[in-house]
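What the coordinates show
Below, each chain spelled out in residue letters.
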Amino acid sequence: DVKVTQSSRYLVKRTGEKVFLECVQDMDHENMFWYRQDPGLGLRLIYFSYDVKMKEKGDIPEGYSVSREKKERFSLILESASTNQTSMYLCASSGSGTTNEKLFFGSGTQLSVL
Amino acid sequence: DQQVKQNSPSLSVQEGRISILNCDYTNSMFDYFLWYKKYPAEGPTFLISISSIKDKNEDGRFTVFLNKSAKHLSLHIVPSQPGDSAVYFCAASAGGTSYGKLTFGQGTILTVHP
């Protein structure tokens, strides 16, 4: 079974802090994604990566950056956390080719910014 | 601009009856559609998908119907079971070199009563 592991289940941070959310997948997948889930808005794509050191902006990249130094690891960085970044963050991965739309998700990190 | 919309925030059905979850999209470039299911405290999991060259796809109790002219898809669950109670997300992909990038709807909370 594919496993996508997010480093923290819950995080509480202060406004202005730099926040790192880590994600690791164990299936040698090329593609990795960061989404946030908010009530009434569904899942919105923040950033994705289709190869090591490659990254693309999603629909809501403002206030975020990402890092992918190794194939299995994809980090989401909040440069200066703000209260409107309080959300559930979901990491996902997928393989290449015809199955690349079948995403495998981690359990999520609930981030609260106070 | 919500390109994938699930207009029913919630749906309640009796065990054994049919559940019908609906989804509308606006982007004509979408050519692959998926449904994901999400339980509390877990990440979404892939349920069923359909390509735009088809109008129906079945997998056990789950059937997805696609009406391209109406830009509408639906998920039918027959018979519904209490374990089906979850949040259901509709998602769409533009294919090509999308790298598995999905656009999600807002989600519909399904409750199946025993």
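Preceding this section is the structure that the text describes.
What this report covers is the structure whose coordinates are included nearby. Keep in mind that what you see is a predicted model, and the values were worked out from it rather than measured.

Along chain B, the regular secondary structure elements total zero helices and eleven strands. The secondary structure elements of chain B, listed N-terminal to C-terminal, are β-β-β-β-β-β-β-β-β-β-β. Over its C-alpha trace chain B gives a radius of gyration of 14 Å, about what one expects of a compact globule, namely 13 Å for 114 residues. Viewed in the frame of its principal axes, chain B has a C-alpha envelope of about 45 × 30 × 20 Å. Relative to its full complement of 114 residues, chain B shows a buried share of 44%. Across chain B, contacts joining residues at least 24 apart in sequence account for 55% of those joining residues at least 6 apart.

Residues and elements named next belong to chain A. An order of 1-3-8-7 is seen for the four strands of this open sheet, with the pairing classed as antiparallel. A single partner strand is all that each edge strand has here, and the edge strands are strand 1 (4-6) and strand 7 (64-70). In this sheet, neighbouring strand axes are inclined to one another by 20° on average, regardless of whether the strands run parallel or antiparallel.

Moving on, we get to the packing of aromatic side chains. For the structure shown, the criterion picks out twelve aromatic pairs over all chains. An angle of 40° between the planes, with centres 4.7 Å apart, marks the rings of Tyr25 of chain B and Phe33 of chain B as tilted. The buried category is assigned to Phe33 of chain B, whose relative accessible area is 1%. Clustering of aromatic rings is evident, with ring pairs tying together Phe33, Tyr35, Phe48 and Phe105 of chain A together with Tyr36, Phe46, Phe89 and Phe104 of chain B. Between Arg9 of chain A and the ring centre of Tyr10 of chain A, over which it is positioned, the NZ or CZ distance is 5.3 Å.

Residue and element names in this part refer to chain B. By size, the foremost hydrophobic cluster in this structure holds 23 residues, and its most contacted members are Phe33, Trp35, Leu73, Leu75 and Tyr88. Elements with a contribution of two residues or more to this core: strand 3 (19-25), strand 4 (32-38), strand 5 (45-51), strand 7 (62-67), strand 8 (72-77), strand 9 (86-93) and strand 11 (108-113). Of the residues forming this core, the biggest block, four residues, is contributed by strand 9. Residue contacts for Leu73: discarding those within four places in its chain leaves Leu21, Asn22, Cys23, Tyr25, Phe33, Trp35, Val64, Phe65, Leu66 and Cys90.

All names here are of chain B. Among the six residues in strand 8, five count as buried, and that is most of the element. Pairing between strand 3 and strand 8: six bridges, direction antiparallel. Bridging from a neighbouring strand, Cys23 pairs with Leu73 of strand 8. The sheet contact formed by strand 7 and strand 8 spans six bridges and is antiparallel. Paired with Phe62 across the two strands is Ile77, which belongs to strand 8.

We now examine the interface of chain A and chain B. In this assembly, 22 residues from chain A lie in contact with 21 residues from chain B. Taken together, the two surfaces of chain A and chain B that pack against each other cover about 1,800 Å², and 61% of this comes from carbon and sulfur. If you sort the residues of chain A by the area they bury against chain B, Leu43, Glu101 and Phe105 of chain A come out on top, with a joint share of 30%. Summed over the shared surface of chain A and chain B, the result is zero salt bridges. Across the chain A-chain B interface, the total number found is three residue pairs in polar contact (both at pLDDT 80 or more). When residues of the side of chain A that touches chain B are traced back to their parent elements, those giving at least two are strand 4 (31-38), strand 5 (42-51) and strand 9 (87-94) of chain A.

Definitions and limits used
Residues numbered from 1 in each chain as written. Chains lettered and ligands numbered in written order. Predicted model: local features only at pLDDT ≥ 70, side-chain atom pairs only at ≥ 80, totals over all residues. Heavy atoms only, no water. Helix = DSSP H or I, 4+ residues; strand = E, 2+ residues; numbered from the N terminus. Rg over C-alpha atoms; globule rule 2.2 N^0.38 Å. Buried < 20%, exposed > 50% of the residue type's maximum accessible area, 1.4 Å probe, protein only. Contact = heavy atoms within 4.5 Å. Pairing = 2+ DSSP bridges. Axes fitted to C-alpha atoms, helices over the stretch in contact; angles between N-to-C directions. Phe/Tyr/Trp six-rings, centres within 6.5 Å; stacked < 30°, edge-to-face > 60°. Lys NZ or Arg CZ within 6 Å of the ring centre and 35° of its normal. Core = buried A, V, L, I, M, F, W, Y, C linked by side-chain atoms within 4.5 Å. Buried area = accessible area lost by both parts, 1.4 Å probe. Salt bridge = Lys/Arg side-chain N within 4 Å of Asp/Glu carboxyl O. Polar contact = N/O pair within 3.5 Å; in protein donor to acceptor, adjacent residues only side chain to side chain.

Function cannot be read off these values alone, since they describe shape.
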